[in-house]
Amino acid sequence: MAALKAYDTAFGKFFKRLETDGINKSQHLFMFTSDEGDHFAGGEPSPAGCNGVTIACTYSKIGEVKRQLRGTAGD
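All of these numbers come straight from a predicted model, not from anything done at the bench.

1. Examining the packing of aromatic side chains
Right, so step 1: Going through the model one piece at a time under the given rule, you end up with three aromatic pairs.
Right, so step 2: Judged by centre distance (4.9 Å) and plane angle (80 degrees), the ring pair of Phe15 and Phe30 falls under edge-to-face. Here Phe15 is found in helix H1 (residues 2–20), whereas its partner Phe30 is found in the loop between H1 and strand S1 (45–46), with 15 residues between them in sequence.
Right, so step 3: In textbook terms, an aromatic cluster arises when at least three aromatic residues are bridged by ring pairs, as seen for Phe11, Phe14, Phe15 and Phe30.

2. Some remarks on a nonpolar patch on the surface
Right, so step 1: A cluster of nonpolar side chains, namely Met1, Leu4, Tyr7, Phe11, Phe14 and Phe32, defines an oily patch on the protein surface of about 610 Å² accessible area.
Right, so step 2: Tracing the backbone shows Leu4 in helix H1.

3. Structural notes on the pattern of salt bridges
Right, so step 1: Following the criterion strictly, the structure yields one salt bridge and no others.
Right, so step 2: Residues Arg17 and Asp21 are paired through a salt bridge, measuring 3.7 Å at the closest nitrogen-oxygen approach.
Right, so step 3: For Arg17, a relative accessible area of 47% gives the class partly exposed.
Right, so step 4: For Asp21, a relative accessible area of 53% gives the class exposed.

Procedures and definitions
- Residues numbered from 1 in each chain as written.
- Predicted model: local features only at pLDDT ≥ 70, side-chain atom pairs only at ≥ 80, totals over all residues.
- Heavy atoms only, no water.
- Phe/Tyr/Trp six-rings, centres within 6.5 Å; stacked < 30°, edge-to-face > 60°.
- Helix = DSSP H or I, 4+ residues; strand = E, 2+ residues; numbered from the N terminus.
- Patch = residues over 30% accessible without salt bridge, like charges linked within 9 Å, V, L, I, M, F, W, Y side chains within 5 Å.
- Areas by Shrake-Rupley, 256 points an atom, 1.4 Å probe, with all protein chains shown as cover.
- Salt bridge = Lys/Arg side-chain N within 4 Å of Asp/Glu carboxyl O.
- Buried < 20%, exposed > 50% of the residue type's maximum accessible area, 1.4 Å probe, protein only.

Listed below in structure tokens is the structure:
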């Protein structure tokens, strides 16, 4: 839980820094994924009421959702 809170704080600082350079979610899509390991593929978390910070969540459905995102240049 402490590591997740540290990541949350670090990402907050990261996005704040990008915002000072005019980079924000209104004109960019930010996507973060794991390279290996379990992948969240949807479904309801367990136990009910978990929040991933103070109460850890687990998911019974894991897998990958594959998508190809096409840009406007170099496709």
